[in-house]
Amino acid sequence: MPACLELDRCLLGSLPRSNMAFRGASASLLAAISKWSSRASKPLQPHTIWQRSRFTDPSGYEHFERSRRVLWDPKVNMYVFGAVGCCGLGLYISGLETVPYTHRRHSLMISAKKERQMGLETFQQVKASAAQDGTLLPNSHPIVKRIRQIGLRIAAVVDDGNGGGNTAHMKNLDWEFAVVDDRSNVNAFVVPGGKVVIFTGLLLSVISNDDELAAVLAHEAAHVVARHSAEKITELGVIVVLKVALNAIFGISFPIGLSQLIVSLPNSRRAETEADVIGARLMARACFNPSAAASVLNKLDKMEAKASKLPHDMIPDLLRTHPVTSERVKKVEQEIPEAIQVYHDSGCRMRNEFGEMSGFSRFGDSF
């Protein structure tokens, strides 16, 4: 996607139409502050700081020079910072949504339509790259057909309203499933709009039956349900705005690495845990055994322990994008009793007794 040079217009422009009134109010507030500052009885004198810099010319001589940097007057800083804070608070309140099943509240600054558009572009790029490499399995492949069949069963329950919260973004999604034949890649991911990509390394190394495949697909669907991609985009926008504001108003440089450590990584770990919880309920609603979610994570934990050169506990938690897999297993096991109740409440036992949901197969046999 092309870079946006006017960040405030990017963020505000992606808001739903319902927030147009707030955009107008924010613009009016900033205009009023600017007008008040220009009419002040005494002009505000900027503060100047001098910085010393050094450079070496092509001949090898070192030169020293002074450069001037102008900072705004503290009074202007106060009003501008207050205006930015008011606008930020208004944006936060106007973007509040409730995540289904967990009922966590979060604020998003990107519309579902824009989010789906970004997801479709990414999905098409991944498919085009895999097709060029000859690793994209055709839709006629039995594995792709099976994945699509199970995935659509899960997709059928994601927007039925049983989990409460906001599900408007789930309506009329065009779910698609792509399988990339990369046996060294034990992974799967989803992009907004219900576009799922699975690598054969995961299918061959971890997945043994339909329930375990459903656990993976339900976890990915849960990311779409909770709009975790929109959260990441919003988070990035907020970090950039704060970084620019702090530098412009106070001359403070905010390290990107620090923002990742205290904001991005903790939110990423929380999103994975939330997707585990929501995914267990989604697969139960679709009449798959939710215990398979813990089974998949147990297998992944053993694979990670075997492949890692360092013990898991030597990597600090605050540096991880995902929670420790063994901790994820414990969390999912705590959720399984409630998910099993959802399974029974959905009438799944009766339907399974009539054989409507049968069909376990080892995926390795299809390659």
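These figures come from a predicted structure and were not determined experimentally. (Residues numbered from 1 in each chain as written. Predicted model: local features only at pLDDT ≥ 70, side-chain atom pairs only at ≥ 80, totals over all residues. Heavy atoms only, no water.)

*Asks:* How should the overall build of the protein chain be read in this particular structure?
*Replies:* Regarding its fold elements, the protein chain presents 12 helices and 7 strands. Taking all 367 residues of the protein chain together, the buried fraction comes to 38%. The contacts of the protein chain with a sequence gap of at least 6 include a subset with a gap of at least 24, amounting to 69%. Summed over its atoms, the accessible surface of the protein chain is roughly 20700 Å², and 56% of this surface lies on carbon and sulfur atoms. (Helix = DSSP H or I, 4+ residues; strand = E, 2+ residues; numbered from the N terminus. Buried < 20%, exposed > 50% of the residue type's maximum accessible area, 1.4 Å probe, protein only. Contact = heavy atoms within 4.5 Å. Areas by Shrake-Rupley, 256 points an atom, 1.4 Å probe, with all protein chains shown as cover.)

*Asks:* Is there a simple way to explain the pattern of salt bridges in this structure?
*Replies:* Opposite charge on two side chains lets them pair, provided their charged atoms get close. Following the criterion strictly, the structure yields 16 salt bridges and no others. A salt bridge links Lys195 to Asp174; its shortest N-O distance comes to 3.9 Å. Within this pair, whereas Lys195 is found in strand β7 (residues 195-199), its partner Asp174 is found in the loop between α5 (142-155) and β5 (176-180), the two being separated by 21 residues in sequence. Lys195 sits in the buried class, given a relative accessible area of 6%. For Glu335, the salt bridge identified is with Lys331, shortest N-O distance 3.5 Å. (Salt bridge = Lys/Arg side-chain N within 4 Å of Asp/Glu carboxyl O.)

*Asks:* Can you walk me through the packing of α5 against helix α7 (residues 210-225) in this structure?
*Replies:* Helix packing geometry: the angle between the two helix axes and the distance between the axes. Two numbers describe how α5 lies on α7: the axes approach to 9 Å, and their chain directions differ by 55°. Considering the angle they form, α5 stands oblique to α7. In this structure, α5 meets α7 at a crossing whose hand is right-handed. Listed contacts from α7 to Arg146, Ile147, Ile150, Gly151 and Ile154 of α5 are Asp210, Leu213, Ala214, Leu217, Ala218 and Ala221. Here the contact of α5 with α7 is built from residues that sort into 8 nonpolar, 1 polar and 2 charged. (Axes fitted to C-alpha atoms, helices over the stretch in contact; angles between N-to-C directions. Parallel < 35°, antiparallel > 145°, perpendicular 65-115°, else oblique. Left-handed = near helix turned anticlockwise from the far one by under 90°. Nonpolar A, V, L, I, M, F, W, Y, C, P; charged D, E, K, R; others polar.)

*Asks:* Please clarify how the state of the cysteines should be interpreted in this entry.
*Replies:* Each disulfide consists of a covalent bond between the sulfur atoms of two cysteine residues. Taken as a whole and assessed by the stated rule, the structure comprises 1 disulfide. A sulfur-sulfur distance of 2.1 Å marks the disulfide that ties Cys287 to Cys348. Its S-S torsion of approximately -80° makes the covalent link between Cys287 and Cys348 left-handed. Residue Cys287 is located in the loop between α9 (256-285) and α10 (291-307), and its partner Cys348 is located in helix α12 (residues 348-353); the two are separated by 61 residues in the primary sequence. Note on Cys287: relative accessible area 4%, which makes it buried. (Disulfide = S-S within 2.5 Å.)

*Asks:* Explain the packing of aromatic side chains here, please?
*Replies:* Taken as a whole, this structure holds 2 aromatic pairs when the rule is applied. When the ring of Trp175 is compared with that of Phe177, the centres are 6.5 Å apart and the planes differ by 15°; the resulting orientation is stacked. We classify Phe177 as buried; its relative accessible area is 9%. Aromatic side chains Phe189 and Phe199 sit 6.2 Å apart centroid to centroid with 40° between the ring planes, which places their arrangement in the tilted category. With Phe189 in strand β6 (residues 188-191) and Phe199 in strand β7, this pair connects stretches of sequence that are 10 residues apart. Taking the relative accessible area as the measure of exposure, Phe189 reaches 26% and is therefore partly exposed. Overall, the relative accessible area of 11% leaves Phe199 in the buried class. (Phe/Tyr/Trp six-rings, centres within 6.5 Å; stacked < 30°, edge-to-face > 60°.)

*Asks:* Help me out: how do you make sense of α10 in this one?
*Replies:* Residue pairs three or four apart in sequence face the same way in an α-helix, which turns once every 3.6 residues. Taking 1.5 Å of rise per residue, the 17 residues of α10 would be expected to cover 24 Å, and the 25 Å separating its terminal C-alpha atoms lies within 8% of that figure. Among all positions in α10, only Ala292, Ala293, Ala294, Val296, Leu297 and Asp301 are buried. (Expected span 1.5 Å × (residues − 1).)

*Asks:* I tried to follow the nonpolar core on my own but got confused; where do I start?
*Replies:* Burial of nonpolar side chains together is a common tendency in soluble globular proteins. One finds Ile147, Ile154, Trp175, Ile198, Leu217 and Leu282 to be the most contacted residues of the largest nonpolar core, which totals 49 residues. Among the elements that make up this core, the one with the highest residue count is α7 (10 residues). Sequence-distant contacts of Ile147, defined by excluding residues within four places in its chain, comprise Phe177, Val179, Ile198, Leu203, Leu213 and Leu217. Val180, Val191, Val197 and Phe199 belong to the second-largest nonpolar core, a separate cluster that totals 7 residues. (Core = buried A, V, L, I, M, F, W, Y, C linked by side-chain atoms within 4.5 Å.)

Read these as geometric descriptors, not functional statements.
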